[in-house]
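Breakdown of the fold
In case you want the letters, here they are:
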Amino acid sequence: MYLVRQVTRYKLAVFMAVIKKSSITSQISDYIRSKIESGEWKVGELIPSETVLTKELGVSRASLRTVISRFSALGILKPEQGKGCFLKTSDVHQHIENFSRLTHSDYIDISKLLSFRLMIEPNASEMCAGLDSEKHNELVARLKESLEDMRKSVDDRENFIKADLQFHKLLGFACGNELIGMALSDVFGATEKAAKDTNQIFGYEHGLKFHQRILEAIEKKDPKAAKKAMGQHLKDALEKISDK
């Protein structure tokens, strides 16, 4: 009986921890939404900085950036490097409605997609970092183009996703085993909705940050770093999905 009570208490503690963790981002989202809908934040103007918001809300930068990324992915906010984050629209309800339609089944599909990619993409990245000079230079140039396309498309979700997937396909086809590239192309085509939902959940910052790390490792011809960066990219996404 004691053991049952202990297990029950443990399960309850884990449940409460997950709820608490989840509620932080929910509360930040509610706060941002209230500022927009009340008209306190004006369309076309900068919203308060991360420093101001984290201090005012008493939350971590990581939690705040997760929410900012989601609002950016939904086309509500627009981050600009070196300037801050601008409010693009005050019509929050219409944009958030699509995000709210994600079901438990959608999250399962995203997890399956990420788990599959985790099995092959870190190794593909490792192999790409060890290519001979001619192939390596060509790959780096094309990866830079894809990353730049992603940066240019932070307010255009469709083009951002295309550039994102192109980055990963390039690694798959360049690694020396074209079956990997074909497999990635097929799985991206068959799971288009899951790919779009992934971007909707994580926004733009997540992809840009990790793609930059992957590119830098490959450009330096560091196979271990390239494998690690790709692994962290996909594992980080999987961990976030498991909290949903």
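Given the structure is predicted, the values throughout are model-derived calculations rather than measurements. (Residues numbered from 1 in each chain as written. Predicted model: local features only at pLDDT ≥ 70, side-chain atom pairs only at ≥ 80, totals over all residues. Heavy atoms only, no water.)

1. Describing helix α7 (residues 157-174)
Quick reminder: α-helices carry 3.6 residues per turn. Residues three or four places apart thus point the same way. Note the cut-off: A run of DSSP states H or I qualifies as a helix once it reaches four residues; a run of E qualifies as a strand once it reaches two. Both are numbered from the N-terminal end. A helix is expected to reach a length of 1.5 Å times the quantity of its residues less one. Under the scheme applied here, a residue whose accessible area is under 20% of the maximum for its type counts as buried, over 50% as exposed, and between as partly exposed, the area being computed with a 1.4 Å probe on protein chains only.
Between the first and last C-alpha of α7 there are 26 Å, a value that for 18 residues agrees with the 26 Å anticipated at 1.5 Å per step. Where α7 is concerned, the buried positions are F160, I161, A163, D164, L165, F167, H168, L170, L171 and G172. Count one or two residues on from α7 and you reach G176, which has phi positive near 110°.

2. Comments concerning the side chain of D164
As a reminder of what qualifies: We count Lys and Arg on the positive side and Asp and Glu on the negative side, and we leave His and both chain ends out. Here, a salt bridge means any side-chain nitrogen of Lys or Arg that lies within 4 Å of a carboxyl oxygen of Asp or Glu. Residue contacts are counted whenever heavy atoms from the two residues lie within 4.5 Å of one another.
Summarising the element assignment, D164 is placed in helix α7. For the buried D164, no salt bridge exists, and the shortest N-O distance to an oppositely charged side chain is 5.1 Å, to R117. For D164, the contacting residues outside a window of four places in its chain are M150 and H211.

3. What to know about the nonpolar core
What counts, and what does not: Buried residues of nine kinds, namely Ala, Val, Leu, Ile, Met, Phe, Trp, Tyr and Cys, make up a nonpolar core once their side-chain atoms join them within 4.5 Å.
Counting residues in hydrophobic clusters, the biggest one holds 41 residues, and the most contacted among them are C128, L139, L143, L171, I214 and I218. Mapped by element, the contributors of at least two residues to this core are α5 (104-128), α6 (133-152), α7, α8 (178-190), α9 (192-202), α10 (205-219) and α11 (223-242). Per element, the largest residue contribution to this core is 7 residues, and it comes from α7. Setting aside residues no more than four positions away along its own chain, L171 makes contact with A124, S125, C128, L139, L143, I214, I218 and M230.

4. A word on the confidence of the model for the protein chain
Low-confidence regions, as indicated by low pLDDT, have predicted coordinates that should not be scrutinised in detail. Stated formally: Scored from 0 to 100, pLDDT reflects the predictor's confidence in each residue.
When pLDDT is averaged along the protein chain, the result is 82; 83% of the residues meet or exceed 70. Low confidence marks residues 1-22, where pLDDT is under 50. Its contacts with residues over four positions away, or in another chain, come to 2 contacts.

5. Focus on the side chain of R117
Applied cut-off: In protein, a polar contact requires one atom able to donate a hydrogen and another able to accept it; more generally it is a pair of N or O atoms within 3.5 Å, and residues adjacent in sequence count only if both atoms are side-chain atoms.
Note on placement: R117 falls in helix α5. Of the polar contacts made by the side chain of R117, one reaches the side chain of H168; its length is 3.2 Å. Among all residues touching R117, those that are not within four sequence positions of it are P122, H168, L184, F188 and L234.

6. Here we look at the packing of helix α2 (residues 50-57) against helix α3 (residues 61-73)
As a reminder of what qualifies: A fitted line through C-alpha atoms represents every axis, and for helices the fit uses only the stretch in contact; the resulting angles, taken between N-to-C directions, go from 0 to 180 degrees. Here is the rule for angles: anything less than 35 degrees is roughly parallel, anything more than 145 is roughly antiparallel, 65 through 115 is roughly perpendicular, and the remaining ranges are oblique. Crossing handedness is defined as follows: a turn of the near helix away from the far one that is anticlockwise and smaller than a right angle gives a left-handed crossing, while the clockwise case is right-handed. Nonpolar residues are Ala, Val, Leu, Ile, Met, Phe, Trp, Tyr, Cys and Pro. Charged residues are Asp, Glu, Lys and Arg, and all others, Gly as well, are polar.
Closest axis-to-axis distance for the α2/α3 pair is 10 Å, and the angle between their directions is 115°. In terms of axis orientation, α2 runs roughly perpendicular to α3. By crossing handedness, the relation of α2 to α3 is classed as right-handed. Each of E50, T51, L53 and T54 in α2 lies in contact with α3, whose residues at this interface are R61, L64 and R65. Of the residues in the contact of α2 with α3, the class split is 2 nonpolar, 2 polar and 3 charged.

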